Amino acid sequence: LVWLLVLSLAWLSPVLGDEEEDEEVLAEEEEEGEVLSDELGEEDGVLVLHEHNFARALSEHRLLLVEFYAPWCGHCQRLAPTFAQAATALKDESSPGRLGKVDATAQTALANEFGITSYPTLKLFRDGNRTHPLAYTGRMDAKGIVSWMERRAGPSATLLQDPDTAATFIGSQDLVVVGFFKDLVSEAGQVFYEVGGDVVDMPFGVVEAAELFEAYGLSADTVCLFKKFDEGRTDFPVDPEWGLNAAELTQLLRVHRLELVMEFTNETSDHIFGAKIPHHMLLFLNKSAPGQLELRDDFRAAAGTFRGKVLFVMVDVAGYGADVLPFFGMTPADAPTLRLIKMENNRKYQMDQDVFSEMAIRTFVQAVLDGKVKPRLLSAEPPEDWDTRPVKVLVGKTFEQVAYDETKNVFVKFYAPWCSHCQAMAAAWEELGERYKDHEDIVIAELDATANELENITIQGFPTLHYFPAGPDKKMVEYKSTRDVETFSKFLENGGKLPEEPPAVPKTPENSTGREEPSPLGTAESRDEL
């Protein structure tokens, strides 16, 4: 009996051991299964997607808007509650559209497949097709996201078949777009439907009936913008030879949907910048000050000449516009005053006349467009100890004498006080300054590019790092590598270039060269570059 017991235990023990091992393996597989499963989980109504459930999400949802994000991206963090709010709204409305998100730093296969180069990037997948996703073109607020998705869930334009229906539709809102096409399936008609899918903040209607062509005084294919202000209606005839161009029509609608003079408010700011008009003429006034509102009349009279080229904007310095005054180096006491800004480089031009008549305004604007007026460059006053600190503090009026010193190699950080990337690298820049503070021909410096402007240098993102080598040629080299003290030092010790090294392939994209992009009137763009 003893031997039988021993033999039994000897025979069972490996099996029991295997069972324990199998249970461990099974537990591990179950644990891995949670990661590898194609189940669709949610966070705040947003589908959490990865490479193992992405195909299932596409197959189950006809319209899927996916945000590719990075956990460290400030813009992504600010978008998260808005995206969740939009996702909840779409679910509550039983919309066929759903929202999902992908951590592009962890799901590199998906990030590479869809060419993700900045965060956040939003792409729409339709009918399970993953080869041709559509880039998101709407506003980055909950209402804008919902409207954009709803427009794609149904027809982008309403068919108007009789005069009563057309009149009711046209009178339903302040802005209405109606396409008159003799053949709705023509190429021009299809372009109109395409534009209707993108321009979601105006209702689109479409007409084919001959009696409606006659009722609205049309004989050929035409896109009409009906509005309850200014001239009331703007027609865009379809070119019989070239047809209808989607980008051109979209831009025309963006321009002509605006009032001739826009007031800068929280509600209008998206439309002002979304119009992409290359110049803005700004009238700064205090609406509560006696007599200043009268300046709008001549300002408006001058605006019509430049429609599409210059957008005329009124800014109340005692209201919503107060926040943008530092961007122009102004205080409320400077009102009333006029500024023209070139949107491509933020160059600002000041009108010096004391009397702002229609003719004076038109003459000034045309002179700027003709290149006959020099920009007004901002410059702060230099701190008393600006040149005794390890990091020299430059301003507009001292920049050239330091940066272009023929005996010095000068490394300058151009920053914005509000920029998170600038704040993240501040300690490294100070350490670099300490390291080279006693060096005879290397200078570490910084310049607040929101308070100082330079005639020949335009800063497109923050932070921007430029190296100015010694010598008479006034050369400038942009630094685009990793932002840490050791890499900075290698760059400086090697004469303004990094020594060649074998390329390292990171496991995940890093934001070592990410920048925050500046926009006019102190706003910021909504994506971080990799």
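What this report covers is the structure whose coordinates are included nearby. It should be emphasised that the depicted structure is a prediction, and the values quoted were computed from it without experimental measurement.

## Brief notes about unusual backbone geometry
What you tend to see is this: most non-glycine residues have negative phi, and most peptide bonds are trans.
For step 1, the next point in the chain: Between Y119 and P120 the backbone carries a cis peptide bond, its omega angle lying at -15 degrees.
For step 2, the next point in the chain: Note on placement: P120 falls in the loop between β5 (118–119) and β6 (121–126).
For step 3, the next point in the chain: Of note, S94 is a non-glycine position whose phi angle comes to about 55 degrees, a positive value.
For step 4, the next point in the chain: If you trace the backbone, S94 turns up in the loop between α3 (74–92) and β4 (97–103).
For step 5, the next point in the chain: Although it is not a glycine, D127 adopts a positive phi angle of roughly 55 degrees.
For step 6, the next point in the chain: Here D127 lies in the loop between β6 and β7 (134–135).
For step 7, the next point in the chain: A relative accessible area of 53% places D127 in the exposed class.

## Focus: the sheet that holds strand β1 (residues 41–43)
For step 1, the next point in the chain: Spatially, β1-β2-β4-β3-β6-β7 is the arrangement adopted by the six strands of the open sheet, whose pairing is mixed. Across the chains shown, the open sheet's two edge strands, defined by having one partner strand only, are β1 and β7.
For step 2, the next point in the chain: In terms of strand pairing, β6 meets β7 through two bridges, oriented antiparallel. Paired with K123 across the two strands is A135, which belongs to β7.
For step 3, the next point in the chain: Contacts from helix α5 (residues 142–153) reach β3 (63–69), β4, β6 and β7, with the element oriented near 145 degrees to β3.

## A word on the packing of aromatic side chains
For step 1, the next point in the chain: The full count for this structure, using the stated rule, is 31 aromatic pairs.
For step 2, the next point in the chain: Considering the side-chain rings of F54 and F125, the 5.3 Å spacing of their centres and the 85 degrees angle between planes classify their relative orientation as edge-to-face. Note that F54 is positioned in helix α2 (residues 54–60) and F125 in strand β6, a separation of 71 residues in sequence. Take F54 and F125: they sit in the same class, and that class is buried.
For step 3, the next point in the chain: Ring centres of F411 and Y467 lie 6.2 Å apart, and the angle between their planes is 75 degrees; this geometry places the pair in the edge-to-face category. Here F411 is found in strand β19 (residues 409–415), whereas its partner Y467 is found in strand β21 (residues 464–468), with 56 residues between them in sequence. By the burial criterion, F411 is buried, and Y467 matches it.
For step 4, the next point in the chain: Following the ring pairs from residue to residue traces out a cluster consisting of F411, W429, Y467, Y479, F488 and F491.
For step 5, the next point in the chain: The ring of F213 has K182 lying over it, and the distance from NZ or CZ to the ring centre is 6.0 Å.
For step 6, the next point in the chain: The ring of F327 carries the charged tip of K348 above its face, separated from the ring centre by 4.4 Å.

## Side note on the nonpolar core
For step 1, the next point in the chain: In terms of nonpolar packing, the biggest core is built from 23 residues, with L394, F399, V412, F414, I457, F462 and F468 touching the most fellow members.
For step 2, the next point in the chain: Looking at this core, the elements that each hand over two or more residues are β18 (392–394), α13 (399–403), β19 and β20 (442–448).
For step 3, the next point in the chain: Looking at this core, the element that brings in the most residues is β19, giving four residues.
For step 4, the next point in the chain: Apart from the residues lying within four places of it in its own chain, the contact partners of F399 are L394, Y404, V412, F414, L447, L454, I457 and F468.

## Overview of the environment of H50
For step 1, the next point in the chain: Looking at the secondary structure, you find H50 in the loop between β2 (46–49) and α2.
For step 2, the next point in the chain: Between the C-alpha atoms of H50 and S37, which are 13 residues apart in sequence, the distance is 9.6 Å.

## Describing the pattern of salt bridges
For step 1, the next point in the chain: Counted according to the given criterion, the structure contains 23 salt bridges.
For step 2, the next point in the chain: One salt bridge in this structure joins R300 and D230, with 2.7 Å as the shortest N-O distance. Taken together, the residues span a long stretch of sequence, with R300 in helix α11 (residues 295–303) and D230 in the loop between β11 (222–227) and β12 (233–237) at a distance of 70 residues.
For step 3, the next point in the chain: Taking relative accessible area as the criterion, R300 reaches 36% and is therefore assigned partly exposed.
For step 4, the next point in the chain: We classify D230 as partly exposed; its relative accessible area is 30%.
For step 5, the next point in the chain: Here K437 ties to E434 by a salt bridge, and the two come within 3.0 Å at their closest N and O atoms.
For step 6, the next point in the chain: Overall, K437 belongs to the partly exposed group, its relative accessible area being 44%.
For step 7, the next point in the chain: Counted as one network, the salt bridges with shared partners bring together D38, E39, R56 and E60.

## Points about empty space enclosed by the protein
For step 1, the next point in the chain: All told, the structure shown has two cavities of 30 Å³ or more when counted by the stated rule.
For step 2, the next point in the chain: If you trace the largest cavity, you find it lined by V255, L258, E259, L260, I277, A303, R307, G308, V310, L311 and F312.
For step 3, the next point in the chain: It is strand β15 (residues 310–316) that contributes the most residues to the lining of the largest cavity, three residues altogether.
For step 4, the next point in the chain: Among the residues making up the lining of the largest cavity, the classes are represented as eight nonpolar, one polar and two charged.

## Topic: the packing of α5 against helix α7 (residues 187–198)
How two helices sit against one another is set out by the angle between their axes and by the gap between those axes.
For step 1, the next point in the chain: At a minimum axis distance of 8 Å, the contact between α5 and α7 shows a crossing angle of 150 degrees. In terms of orientation, α5 lies roughly antiparallel with respect to α7. The residues of α7 that touch α5, namely those facing W148, R151 and R152, are G196, G197 and D198.
For step 2, the next point in the chain: Split by residue class, the contact of α5 with α7 holds one nonpolar, two polar and three charged.

## Some thoughts on the pairing of strand β9 (residues 175–180)
For step 1, the next point in the chain: Here β9 lies mainly inside the structure; six of its six residues are buried.
For step 2, the next point in the chain: Judged by which residues are buried, β9 turns out to be covered on both faces: L175, V177 and G179 on one side and V176, V178 and F180 on the other are all buried.
For step 3, the next point in the chain: In this sheet, β11 lies alongside β9 in antiparallel orientation, the contact comprising six bridges. What sits directly across from L175, in β11, is K227.
For step 4, the next point in the chain: Where β9 meets strand β10 (residues 204–207), four bridges bridge the pair, whose relative direction is parallel. Note that in β10 the partner of F180 across the bridge is V207.
For step 5, the next point in the chain: Note that the unit made of β9, α7 and β10 has a crossover that is right-handed.

The rules behind these values
- Sequence order as written defines residue numbering, which begins from 1 separately in each chain.
- The model is predicted, so local features are restricted to residues of pLDDT at least 70 and side-chain atom pairs to those at 80 or more, both for listing and for counting; the totals for chains, interfaces and linings are taken over all residues.
- The side-chain quantities take in all heavy atoms of the structure and omit both hydrogens and water.
- Numbered from the N terminus, helices here are DSSP runs of H or I no shorter than four residues, and strands are runs of E no shorter than two.
- Throughout, exposure labels follow a simple rule: accessible area from a 1.4 Å probe, protein chains only, divided by the maximum for the residue type, with under 20% read as buried, over 50% as exposed, and the rest as partly exposed.
- Whether two strands pair comes down to DSSP finding at least two bridges between them.
- Any pair of residues with heavy atoms lying within 4.5 Å of one another is described as a contacting pair.
- Angles run from 0 to 180 degrees between N-to-C directions of axes, and those axes are lines fitted to C-alpha atoms, restricted for helices to the stretch in contact.
- Classification of ring pairs rests on two measures: the distance between centres of Phe, Tyr or Trp rings, Trp counted by its six-membered ring, which must be within 6.5 Å, and the angle between planes, read as stacked under 30 degrees, edge-to-face over 60 and tilted in between.
- Ring-over charges, as used throughout, are those where CZ of Arg or NZ of Lys falls within 6 Å of the ring centre and within 35 degrees of the ring normal.
- Here, nonpolar core refers to any group of buried Ala, Val, Leu, Ile, Met, Phe, Trp, Tyr and Cys residues whose side-chain atoms link them within 4.5 Å.
- Every case where a carboxyl oxygen of Asp or Glu lies within 4 Å of a side-chain nitrogen of Lys or Arg is listed as a salt bridge.
- For cavity detection a 1 Å grid was placed over the protein atoms alone, and a set of points counts as a cavity when a 1.4 Å probe fits there but cannot get out; an open set counts as a pocket when protein lies on both sides within 12 Å along at least five of seven lines, with lining residues being those that have an atom within 4 Å of a point.
- Grid points are joined across faces, edges and corners, and a volume is the space filled by probe spheres set on the points.
- Residues are grouped as follows: nonpolar covers Ala, Val, Leu, Ile, Met, Phe, Trp, Tyr, Cys and Pro; charged covers Asp, Glu, Lys and Arg; every other residue, Gly included, is treated as polar.
- Just so you know how the angles are binned, under 35 degrees is roughly parallel, over 145 roughly antiparallel, 65 to 115 roughly perpendicular, and the rest oblique.
- With strands facing away from the observer, any crossover in which the path from the first strand over the helix to the second runs clockwise is taken as right-handed.

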